[in-house]
Amino acid sequence: MRGGTPASRDRDDADRRATGGPNARSNDRPNEPGGTGRSSNARSNARRATSGSGSNVRSNASGGDRGRHDDDERRDSRGRQRGAARSRGEASRSSSAPSQRRKGTDPARAVAFDVLRQVDGSDAYANLVLPPLLRERGIRGRDAGFATELAYGTLRLRGRYDAVLALCLDRPLDRLDAPVLDVLRLGAHQLLGMRVPQHAAVSETVGLARERTGAGSAQLVNAVLRRVARTPLDDWLTTLADDAPDDLAALAATQSHPVWIARALRDALAGNGRPVAELDALLAADNDAPRVTLVARPGLADPDELSGGDDRVTPARWAPTALRLEGGDPAAYSAVRDGRAGVQDEGSQLVALALAAAPLAEDDGGTPGADARWLDLCAGPGGKAALLAALAAERGARLVANEVQPHRARLVEKALAAVPADAVEAVRTGDGRAVGQDEPGAYDRVLLDAPCTGLGALRRRPESRWRRTPADLATLTGLQRELLDSALDAVRPGGVVGYVTCSPHLAETQVVVGDVLRRRDDVELLDAPAVVRRVVRPEARDAIELGDRQDVQLWPHVHGTDAMHLTLLRRTV
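Everything numeric here is computed off the predicted structure, so don't read it as measured data.

**Q** Pulling in residues and values, what's your account of the packing of aromatic side chains?
**A** Both the distance between ring centres and the angle between the ring planes are used here to describe each pair of aromatic rings. All chains considered together, the criterion is met by zero aromatic pairs. The residue whose ring lies beneath Arg461 is Tyr125, and the NZ or CZ to ring-centre distance is 4.5 Å. Here the basic side chain of Arg467 rests over the ring of Tyr125, its NZ or CZ set 5.0 Å away from the ring centre.

**Q** A description of the sheet that holds strand β3 (residues 322-325) should follow, citing residues and the corresponding values.
**A** Pairing in this open sheet of four strands is antiparallel, and the strands run β2-β3-β1-β4 from one edge to the other. The open sheet has two edge strands with one neighbour each: β2 (313-315) and β4 (341-343). On average, adjacent strands in this sheet sit at an angle of 30° to one another, irrespective of strand direction. Sheet topology places β2 next to β3; three bridges connect them, and they run antiparallel. Along β3, the bridge assignment pairs Thr314 with Arg324. The strands touched by helix α18 (residues 346-357) within the sheet are β1 (292-296) and β3, with β1 carrying the most contacts at an inclination of about 30°.

**Q** Help me get a handle on the packing of helix α23 (residues 471-490) against helix α24 (residues 510-519), residues and values and all.
**A** Helix-helix packing is characterised by the crossing angle of the two axes and by the distance between the axes. For the pair α23 and α24, the least separation of the axes is 10 Å and the interaxial angle reads 50°. With respect to each other, α23 and α24 are oriented oblique. Handedness of the crossing formed by α23 with α24: right-handed. For the pair α23 and α24, the contacting residues are Thr477, Gln480, Arg481, Leu484, Asp485 and Leu488 in the first and Val511, Val512, Val513, Asp515, Val516 and Arg519 in the second.

**Q** Can you explain the pairing of strand β12 (residues 565-571)? Please cite residues and give values.
**A** Buried residues dominate β12, accounting for seven of its seven residues. Judged by which residues are buried, β12 turns out to be covered on both faces: His565, Thr567, Leu569 and Arg571 on one side and Leu566, Leu568 and Arg570 on the other are all buried. Pairing geometry for strand β9 (residues 491-501) and β12, over six bridges, is antiparallel. Residue Thr501 lies in a different strand from β12, and its bridge partner there is His565. Pairing between strand β10 (residues 523-525) and β12: three bridges, direction antiparallel. By the bridge assignment for β12, Glu524 is matched with Arg570.

**Q** Give a detailed account of the environment of Val224, specifying residues and quantitative values.
**A** Secondary-structure assignment places Val224 in helix α11 (residues 215-229). Filtering out sequence-adjacent residues up to four positions away, Val224 remains in contact with Leu165, Cys168, Leu169 and Leu184.

Calculation criteria
Residues numbered from 1 in each chain as written. Predicted model: local features only at pLDDT ≥ 70, side-chain atom pairs only at ≥ 80, totals over all residues. Heavy atoms only, no water. Phe/Tyr/Trp six-rings, centres within 6.5 Å; stacked < 30°, edge-to-face > 60°. Lys NZ or Arg CZ within 6 Å of the ring centre and 35° of its normal. Pairing = 2+ DSSP bridges. Helix = DSSP H or I, 4+ residues; strand = E, 2+ residues; numbered from the N terminus. Axes fitted to C-alpha atoms, helices over the stretch in contact; angles between N-to-C directions. Contact = heavy atoms within 4.5 Å. Parallel < 35°, antiparallel > 145°, perpendicular 65-115°, else oblique. Left-handed = near helix turned anticlockwise from the far one by under 90°. Buried < 20%, exposed > 50% of the residue type's maximum accessible area, 1.4 Å probe, protein only.

Printed below as a string of structure tokens:
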């Protein structure tokens with residue numbers, strides 16, 4: 001008997017297949033976008049793969065003698081009746097007796113299923129649900145990696161898999177129980193998006209269905225996943241593209257994004273002076289698992305402390321505070337455990353560094369004004385606040401961290417635990433829209449990391465693309481305008497506001513800033529690209545692409561960061 005858990009054995013099988021073993025398949029890389037070329041045979045192949053029916057098929061009997069005749073045709077020489085699928089030669093035989101068949105699955109697949117159920121049933125976020133589940137169940141190492149890829153990859157590519165599954169079912173997807181649909185999605189990702197052998201993907205997913213959704217649904221899962229497995233990923237993608245009404249819808253279907261998001265991202269590329277032909281690469285980047293990036297908070301942790309002697313930790317591409325972690329648990333590093341370092345996207349680090357470096361206005365004598373009091377207006381969960389506070393400590397400044405939600409304010413307090421106490425004036429709970437009126441001109445620097453759709457972090461929060469709707473924009477953009485006005489009122493004349501969103505949507509970035517500036521005559525735009533170039537690693541200043549605008553838009557497919565937006569504004573009077 002082979003050792004290890006089923007998930008680790010699947011990984012081992014996959015490694016052998018990936019090196020060209022006898023069972024190697026063409027689609028053996030996770031999240032492979034595949035081709036979208038339109039083969040004349042792909043549609044017919046896919047349609048043949050979706051013909052037939054599974055265990056819950058419609059009856060062929062039309063009543064009377066016809067039904068009795070079909071009954072007789074399905075009986076063997078001993079008078080035993082065979083199932084309809086087996087009589088047509090579509091069913092596969094198991095070498096195991098029913099009592100020996102696997103009735104469950106391995107812990108890695110089970111935890112991935114539980115993540116999907118919590119995301120769907122409780123509106124939870126996968127990045128908050130998965131880590132504690134792994135710890136509670138003692139899942140580590142390769143099995144933890146398998147569970148993470150299975151859960152996150154299924155959530156990212158849910159749209160693609162739903163379209164494939166719809167072609168393999170004899171009923172609409174919305175008529176399936178939600179837990180059964182999640183099981184099918186997990187199976188589809190193993191077959192079409194991971195290095196899992198077909199037999200393991202099907203049998204383990206059927207075992208998961210038996211354990212969590214019942215024997216009847218397990219028969220359905222078995223039949224549907226076998227149909228999915230008959231057609232290679234590239235042919236499925238061709239079929240999805242051929243069925244789409246236009247090129248944008250085809251790209252949205254194959255790259256697993258709602259059409260409205262694909263359209264918004266295309267418009268954002270154009271609005272920032274980038275070719276719209278990059279949309280395919282941008283959507284594909286959203287489907288890639290992001291690398292773990294650490295931040296070494298200045299004055300608290302030295303990058304060399306984290307990278308010294310560990311070849312898994314290397315300097316990141318742009319920010320001098322950023323390091324990439326290639327595998328392993330960030331919490332294994334003492335600097336991360338005690339808050340001197342943390343996990344933070346490199347784009348998030350860059351916008352905080354830029355705000356701290358933006359030039360304040362000089363007085364009539366050519367002397368810069370005070371630079372002693374900083375504000376993070378929407379501070380939760382605290383990553384940018386911790387970086388700003390560390391920078392403030394080095395300059396003798398103090399940070400006020402404001403957050404409207406109490407539970408997020410507690411996260412900010414935790415993030416700031418390692419910062420010297422005299423660098424943090426307060427962590428408080430309050431409505432950011434009131435700060436400008438309550439404390440006019442009280443701050444030298446203000447960061448507004450505004451609540452937004454989060455379309456720039458879809459690779460990190462894959463469930464967001466299925467939760468957000470165009471209707472969210474009206475509420476969010478109204479809030480963003482009010483918060484930006486408050487931030488500009490709260491900063492002193494000569495002080496700087498950094499307007500940040502983790503979304504490239506034009507309505508949340510350029511339109512919001514433009515609307516606010518049209519109503520005010522006391523604000524000027526700063527050259528944000530020049531400031532960002534000043535804070536990146538010296539060797540990267542000529543390489544970073546920031547365009548010809550006064551604001552900065554980062555991109556996953558260009559910079560390898562979340563799609564962070566930054567506008568720097570200075571109060572003039």
